[in-house]
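# Summary of structural features
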Amino acid sequence: MMSQRRGIYLDQSELLCKKGCGFYGNTALGLCSKCWREENQRERQKQIQEDWALAERLQREEEEAYASRHQKPQSQSSITPFSKFEERKTKEKSSKVNTVTKFFTPSTKTPPKKDAAAFDSQSSPSPSSSSSRQPSVDTDHATREFIDFLKPLKSGREIFKQCRAFTESMVYKRDMGADELSECVQDFYQNLSERLQTQSKGSLDHVESVMDEVEKYMMTRLYKEVFCPETTDDEKKDLAIQKRIRSLHWVTIEMLCVPVDEEIAEVSDRVVKAITDIIEMDSKRVPKDKLACITRCSKHIFNAIKASKREAASADDFLPTLIYIVLKANPPRLQSNIQYITRFCNPSRLMTGEDGYYFTNLCCAVAFIEKLDGQSLNLSSEDFELYMSGQASPHWPQTSAASSSSSSGSTPLTQVHKRLDLLTGLGVRQERVMKEARQLESDLIDWTDEVEHKVQSALESFPPETQASSETKAVESSAASSAIDSDNVENDLLPPPLQPQLFAG
């Protein structure tokens, strides 16, 4: 059995972060969101230090060249370019530190009365946002729900002000790269979460519920700006994976060793529901809702396996079945949805829990589909290429090995042979139909003869006397009906009728 699963089997340790932190990692990155952010920050800090070192080296070379030419103290104007460069770098470095912290301090530009009114009655973006961008129905609904959720909280007004200010500032950062946008959002999540933990004195459930509502409000408003941004190649990856899945339409359950029997009504219903849920993921805006679709899909898969095997499903059965569901569903914008969840979902939900586990398995399934080859399906490379090109299919009748090898270099000749085989099969079927038709005609003739014989036997079973007596009774009954006014029905014994006589006198 293990040899059959050699291309699909995945050890559970491979789902974890490569840094050994114990959290689930993304298949494409190999790291969890926390370790990835730390690694990305180290790389950016290293890049900043290298830029500083390069600038200092260039400045020293410039000063040495200037001193060698003029042999006098360096003028103030000669160091002005580097001073401006140094000032610009200092501002850039300080802005990275204060990007998020400024959202947690009261704004001096906005009157407090306006913020209070916005929290109490306003359920749409403030006029400071783009006036040409009309809020959608979903955005208004999310804003009202967010306000209703925050009203009972002591710090609800401040949380709303910070989230609204952050989302409005993100609208004008659409030209930034996706990684930079993700880092800004994740930094905001982290700072707000740490502040809520300090205020709630360690109540993690309360912090998680608030962060869920914050994510719902922010991502509903920022969805159009951050989902599949133009600065990425997410759309190109979507088309590539969609084309790849279409070309793998011939893959069967047996090839993937999927322990699911779709002949069972309950199993078939679970499979349909799993496909529906994975397709529905694209219609959601909030990363948490997209993860919920993946979780429901995965649970339907586990129930389908359990109904098929009549026992609890294992993790080794889950991944091949998930791959099969993805191949049958071909979800729209699959890569964009995965990247959107990775970039903007609450990191604690991706690193632990069932949502993180199922999402990591989905990433593994997509990576497997992208690298799928003949060996993974227990097929030869020649058969795999024929199936991928559409020249053959595992659902077609298989011919001999010699004919397949000889036809591999001549596609028209292969089609001619297939047509001849099809015509031969039709001829055999026609002969069988004619033979059965003749047999049916003979059976009808025999049945007719048998019916006539039974009828004749039934007629012969009645004696002739019985028939004569029945005829006599019929004649007598007719005569009796004609002498209905006479007491004596025997007309022959009656006297002749009286004749009228004439008397003369």
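Anything mentioned here points back to the structure above.
Here's what I pulled together on the structure shown here. Just so we're clear, the structure is a prediction, and the values are computed from it rather than from any experiment. (Residues numbered from 1 in each chain as written. Predicted model: local features only at pLDDT ≥ 70, side-chain atom pairs only at ≥ 80, totals over all residues. Heavy atoms only, no water.)

Here we come to the pattern of salt bridges. Under the definition given, this model contains 18 salt bridges. Residue Asp234 is joined to Arg343 by a salt bridge in which the shortest nitrogen-to-oxygen separation is 2.8 Å. Here Asp234 is found in helix 8 (residues 234-247), whereas its partner Arg343 is found in helix 13 (residues 334-344), with 109 residues between them in sequence. As far as burial versus exposure is concerned, Asp234 and Arg343 are alike and both buried. Its salt-bridge partner being Glu262, residue Lys328 comes within 3.5 Å of it at the nearest N-O pair. Pair noted here: Lys328 is in helix 12 (residues 315-329) and Glu262 is in the loop between helix 9 (253-256) and helix 10 (265-280), with a separation of 66 residues, a long-range link. The exposure class assigned to Glu262 is partly exposed, which follows from its relative accessible area of 26%. One network of salt bridges, in which partners are shared, links Asp212, Glu215, Lys288 and Arg349. (Salt bridge = Lys/Arg side-chain N within 4 Å of Asp/Glu carboxyl O. Helix = DSSP H or I, 4+ residues; strand = E, 2+ residues; numbered from the N terminus. Buried < 20%, exposed > 50% of the residue type's maximum accessible area, 1.4 Å probe, protein only.)

In this section: the nonpolar core. Residues Leu256, Ile294 and Ile325 are the most contacted members of the largest nonpolar core, which totals 54 residues. Among the elements that make up this core, the one with the highest residue count is helix 15 (residues 353-370) (ten residues). Of all hydrophobic cores here, the second largest spans 29 residues; its members include Leu150, Leu181, Val210 and Met211. (Core = buried A, V, L, I, M, F, W, Y, C linked by side-chain atoms within 4.5 Å.)

Turning our eyes to something else, we now look at unusual backbone geometry. The backbone of Cys257 shows a phi angle near 55°, a positive value even though the residue is not glycine. Inspection of the secondary structure assignment puts Cys257 in the loop between helix 9 and helix 10. With relative accessibility at 14%, the residue Cys257 sits in the buried group. Of note in this structure, Asn330 is not a glycine but carries a positive phi near 50°. Secondary-structure assignment places Asn330 in the loop between helix 12 and helix 13. Judged by its relative accessible area of 16%, Asn330 falls in the buried class.

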